[in-house]
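This is what each chain is made of:
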Amino acid sequence: MNYDVIVVGGGPGGYTAAIRLSELGKKVALIEEDSLGGTCLNRGCIPTKVYAHAAELVTRIKEAKDFGITAEYTLDIAKLRQKKERVVKRLVGGVGYLMNLHHIDVINGKGTFIDKNTVEVNGAKYTAENFIIATGSKVFLPPIEGIDLEGVMTSDKALELEKIPEKIVIIGAGIIGLEFANIYASLGSKVIMIEMLPQLLPMLDRDVVGVMEKALKKQKIELHLNSKVEKIERGLRVIYTENGNQESVECDAVLVAVGRVPNVNGVDALNLEMNGRGIKVDSHMRTSIENIYAIGDVTGGIQLAHVASYQGIVAAHNIAGEEKEADLTAVPNCLYTNPEVAWVGLNESQAREKYGEVKIGTFPYTALGRAMTMGESDGFVKIIAEGKYGRVVGMEIIGAGATEIIHEGVLAIKEEFTLEELADSIHAHSTLSESIKEAAEDALGMPINKG
């Protein structure tokens, strides 16, 4: 069967692109090897947030006594897992509904390219004028001896919780590792994290990282930086070197969370130009073959569901004959831990390197009324602006609600707001977001509620 466009991969980028193409009048098919929604809905963003919310509820129960409330709880892992499965099933079903609503043919199976106009699925061949490759990424497994032992798992397996381990070692202290560390620690595990890098979250400024490190200590999470796992022995004994010294720790489970790599299976026949492990694309999301586009994790770029969705829309409009370029200068990054962390644009050191003179403003949650009423005094907002015009170029937030209020920073950077424009915008009181106005005032040297 012939189509205007075939999208290979039904994750957030793929299904978003397919819907937009249909809205633009194209006859579209979507090929998905597994379940609609991809990693995000089935094994990533959504299921992890169910567990993260459960961890938050447990934390709030424990802290309720500060508000004069005494409560006890029991944890039923089977019911928690069932809740996760219900949420996933409903959202995946919602994507299927949208495919039917927009008259998009869903083809189940693995797509393998025969040539630039033909893809094969389960022995059947499908042709199209244009293709979008949206096959995402897969878990990266480092070459560690013993990584295949029973009790060693990836983030996929960690989402099928049957019991909470008494002690768990997490290899990797990036976003995935930290989110699972927060979940396991909140649900009762002793967590030990082993990270190769000498600094936690190197993309963030040191003052933000310092708050996170204190939070990890508060949760009794052990963090071993500048450390490398050498091997995992039977009985789950992890051997690692820390600052050149060999150490070991015994545990009940090991979680490998060192990142993901592009899933480029099925495209060999195209001989596409590559960018490292990913498919090279231009700002229109076009590959080295004019009628083939690639979006999301498979490009080897930013591995975020919302970036894939955005790139899918960019690709769709270009296929429809419109000139649209991807602009990734204001991409929000979110870390769902306790406290939450979110950032967008340049950090302070990057801004100083690019602009020389910068203006920095901060506002602590300890001075934020809404945060104090919630019992959430850990954290602060940080705004970075270039020095000449005061244009906002970066924002970092650590604290309650960070992943929600960061979008004010996204809009400020995208639309080139100045500190004056942020400070002059009326923010509701009492809210978490008014901390952004306060931080802008601080950057201008005229703080109101900061001493």
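Just so it is clear, the model here is predicted, and its values are computed rather than measured. (Residues numbered from 1 in each chain as written. Predicted model: local features only at pLDDT ≥ 70, side-chain atom pairs only at ≥ 80, totals over all residues. Heavy atoms only, no water.)

Undergrad: Whenever I open this one, helix H8 (residues 305–319) confuses me. Can you help?
TA: Over its 15 residues, H8 extends 21 Å from the first C-alpha to the last, a length consistent with the 21 Å expected when each residue adds 1.5 Å. The element H8 is extensively covered by neighbouring structure, given that 11 of its 15 residues are classed as buried. Every buried residue of H8 is accounted for by Val307, Ala308, Ser309, Gln311, Gly312, Val314, Ala315, Ala316, His317, Asn318 and Ile319. Looking at the residues trailing H8, positive phi occurs at Gly321, about 95°. (Helix = DSSP H or I, 4+ residues; strand = E, 2+ residues; numbered from the N terminus. Expected span 1.5 Å × (residues − 1). Buried < 20%, exposed > 50% of the residue type's maximum accessible area, 1.4 Å probe, protein only.)

Undergrad: Sorry, what's going on with the UniProt feature "domain: Pyridine nucleotide-disulphide oxidoreductase dimerisation" (unreviewed entry) in the protein chain here?
TA: Here the UniProt-annotated "domain: Pyridine nucleotide-disulphide oxidoreductase dimerisation" (unreviewed entry) positions come out as residues 331–440. Within the segment residues 331–440, helix and strand shares are 35% and 26% respectively, and the terminal C-alpha atoms sit 20 Å apart. (UniProt positions renumbered as here; feature names shortened; annotations may be inferred.)

Undergrad: What is the right way to read the domain arrangement of the protein chain from this model?
TA: You can read the domains of the protein chain as domain 1 (3–139 + 261–320), domain 2 (152–258) and domain 3 (332–444). The distance between the C-alpha centroids of domain 1 and domain 3 comes to 30 Å. Each side of the interface is counted separately: domain 1 has 6 residues, and domain 3 has 8 residues. Carbon and sulfur atoms supply 52% of the area that domain 1 and domain 3 bury against each other, a total of about 590 Å² over both sides. Broken down residue by residue, the surface that domain 1 buries against domain 3 is led by Lys49, Arg60 and Phe67, which jointly contribute 51%. Run the count over domain 1 and domain 3 and you get 1 salt bridge. Of the charged contacts in the structure, one is a salt bridge between Arg60 and Glu376, with a shortest N-O distance of 3.7 Å. Viewed at the interface, domain 3 and domain 1 are joined by 1 residue pair in polar contact (both at pLDDT 80 or more). (Domains from an automatic or database assignment. Contact = heavy atoms within 4.5 Å. Buried area = accessible area lost by both parts, 1.4 Å probe. Salt bridge = Lys/Arg side-chain N within 4 Å of Asp/Glu carboxyl O. Polar contact = N/O pair within 3.5 Å; in protein donor to acceptor, adjacent residues only side chain to side chain.)

Undergrad: Explanation requested: the UniProt feature "binding site: FAD" (unreviewed entry) in the protein chain in the structure shown.
TA: Using the residue numbers shown here, the UniProt feature "binding site: FAD" (unreviewed entry) corresponds to Lys49, Gly111, Thr135, Gly136, Ser137 and Asp297. These annotated residues cover 249 residues of sequence, and their C-alpha atoms reach 29.9 Å apart at the extreme, placing them across more than a single site. A relative accessible area of 19% means that Gly136 is categorised as buried. Ignoring any residue separated from it by four or fewer positions in sequence, one finds Gly136 in contact with Pro262, Asn263, Asp297 and Val298. Tracing the chain through its elements places Asp297 in the loop between strand S19 (292–294) and H8. Overall, Asp297 belongs to the buried group, its relative accessible area being 15%. When neighbours within four sequence positions are excluded, Asp297 is seen to be in contact with Gly136, Ser137, Pro262, Ile302, Gln303 and Leu304. Of the polar contacts made by the side chain of Asp297, one reaches the side chain of Ser137; its length is 2.7 Å.

Undergrad: For this particular structure, what's the right way to read the nonpolar core?
TA: Looking at soluble globular proteins, one finds that nonpolar side chains tend to be buried together. Membership of the largest hydrophobic core comes to 41 residues, with the highest contact counts inside it found for Ile170, Tyr184, Val191, Leu200 and Leu255. Where this core is concerned, the elements lending two or more residues are helix H3 (45–63), helix H4 (77–101), strand S9 (167–171), helix H6 (175–186), strand S10 (190–194), helix H7 (206–218), strand S15 (253–256) and strand S21 (341–345). Among the elements that take part in this core, H6 stands out by supplying 6 residues, more than any other. Leu255 has contacts with Met153, Thr154, Ser155, Ala158, Ile168, Val169, Ile170, Ile171, Phe180 and Tyr184, leaving out every residue within four places of it along the chain. (Core = buried A, V, L, I, M, F, W, Y, C linked by side-chain atoms within 4.5 Å.)

Undergrad: Is there a simple way to explain the sheet that holds strand S12 (residues 227–233) in this structure?
TA: Sheet strands associate in pairs through backbone hydrogen bonding, adopting either a parallel or an antiparallel arrangement. Spatially, 3 strands are ordered S12-S13-S14 in an open sheet, and the strand pairing comes out antiparallel. With one partner strand each, in any of the chains shown, S12 and strand S14 (245–250) form the two edges of the open sheet. Ignoring strand direction, the axes of neighbouring strands in this sheet form an average angle of 25°. Note that S12 and strand S13 (residues 237–242) share 6 bridges and pair antiparallel. In the sheet register, Lys228 faces S13, and the bridge partner there is Thr241. (Pairing = 2+ DSSP bridges. Axes fitted to C-alpha atoms, helices over the stretch in contact; angles between N-to-C directions.)

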